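Architecture at a glance
Here's the letter readout for the chains.
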Amino acid sequence: RGRVEFNQVHFAYRQGTPALTNISFKVEPGRMMALVGPSGAGKSTLISLIARLYEPSSGIIRIDGMDIKQVTMESLRSHIGFVTQEPYLFYGSLLDNMRFAKEDATQAEVEDACRKAYIDDFITALPEGYHTIVGERGHRLSGGERQRIAIARAILKNPRILILDEATSHLDSQSEAYVQKALEELMKHRTTIVIAHRLSTILASDSIIVLKDGVVVEQGTHEELLIHN
Ligand code: ADP
Ligand code: ADP
């Protein structure tokens, strides 16, 4: 039901140095894994492999125990949600755009997904709500609004695995908090989440403290924390 497993995965683009070297990890259903690192670290590449945009040069990727090479396109399409930094919105109504993820979705289902993504208020404030034409040359939306619509669109599909590639990078802190709540809700329903983020400010800091429940769980320089993990 959404387990993602990498076993000694290597990947190199056509004529380049390796983009990923010996990657192994497992994410259980309903858990979230964050990919953090500077630009060029390989985050997008790793995520693209989960979405099967590329094939590993060697090693095995398993989705629910099945080699990803054996997973059908139909299954990938229906079980994996993929939200990128600059999500595309088609020239068409917001309803059309949402239905791209789930063709037969009723308006009520679409509205429900928008509520879960906490964007229903923002949508009903559009000139014609769900019927507003968005996308290229349609109603102008900010980068953050586009990302939040793309996240709602992914939620509509109720995917087993949701992949977010820098998908919260345009968001203000209020919107980011809403997205965080939406992701927690999805995890309760056993969706597995992989999220990549550049976090350049953090990586450029001289020291880092990781807090959880009021306790310091990690403390040190970026390099020291890397050695620990
Ligand atoms: P990140 O998402 O962490 O910024 P990427 O996965 O985009 O990192 O990039 C990892 C490495 O692979 C970089 O060296 C980058 O230049 C290279 N790379 C990324 N995409 C391509 C591509 N389409 N062709 C060749 N090299 C690429
Ligand atoms: P973070 O910055 O990581 O969101 P905070 O330091 O704001 O965490 O909050 C930690 C905890 O303390 C939270 O449970 C929050 O509800 C509580 N809290 C924050 N500010 C106050 C306050 N002024 N009075 C009482 N509780 C607070």
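Summarised in this report is the structure supplied together with it. Just so it is clear, the structure is predicted and the values come from calculations on it, not from any experiment.

Quick look at the site of ligand 1
Near ligand 1 you find Tyr13, Ala19, Pro38, Ser39, Gly40, Ala41, Gly42, Lys43, Ser44 and Thr45, and these make up its full shell. At a separation of 2.7 Å, an oxygen atom of ligand 1 approaches a polar backbone atom of Gly40. Note that an oxygen atom of ligand 1 is positioned 2.8 Å from one of the backbone N or O atoms of Ser44. Protein chains shield 55% of the accessible area of ligand 1, which is 560 Å² for the free molecule. The leading source of residues in the shell around ligand 1 is helix α1 (residues 43–50), at three residues. Each residue belonging to the shell around ligand 1 can be placed in one class, and the counts come to four nonpolar, five polar and one charged.

A closer look at the sheet that holds strand β10 (residues 192–197)
Spatial ordering of the open sheet is given by β3-β10-β9-β6, a layout of four strands whose pairing is parallel. Two strands in the sheet have a free side with no partner beyond their single neighbour: β3 (32–36) and β6 (80–83). On average, each strand axis in the sheet is tilted by 10 degrees relative to the strand beside it, whichever way the strands run. When β3 meets β10, the two strands line up parallel, connected through five bridges.

Rules behind the numbers
Numbering of residues starts from 1 in each chain and follows the order in which that chain's sequence is written. Key to labels: chains lettered from A, ligands numbered from 1, both in the order written. Under the rules for a predicted model, residues below a pLDDT of 70 receive no local features and side-chain atom pairs below 80 are neither given nor counted, while totals for whole chains, interfaces and linings still include all residues. Processing note: side-chain calculations cover all non-hydrogen atoms of the structure and skip hydrogens and water entirely. By convention in this text, a residue qualifies as near a molecule or strand provided that one of its non-hydrogen atoms is within 4 Å of it. We call two N or O atoms a polar contact when they sit within 3.5 Å, provided that within protein one can donate a hydrogen and the other can accept it, with sequence-adjacent residues counted only if both atoms are side-chain atoms. Reported accessibility uses the Shrake-Rupley method at a 1.4 Å probe radius. Residues are deemed covered only where the shown protein chains occlude them. Going along the chain from the N terminus, every DSSP run of H or I of four or more residues is numbered as a helix, and every run of E of two or more is numbered as a strand. Residues are sorted three ways: Asp, Glu, Lys and Arg are charged, Ala, Val, Leu, Ile, Met, Phe, Trp, Tyr, Cys and Pro are nonpolar, and all the rest, Gly among them, are polar. Only strands that DSSP links by at least two bridges are regarded as paired with each other. Here, axes are lines fitted to C-alpha atoms. For helices the fit covers the stretch in contact, and angles between N-to-C directions go from 0 to 180 degrees.

By themselves these figures say nothing about function.
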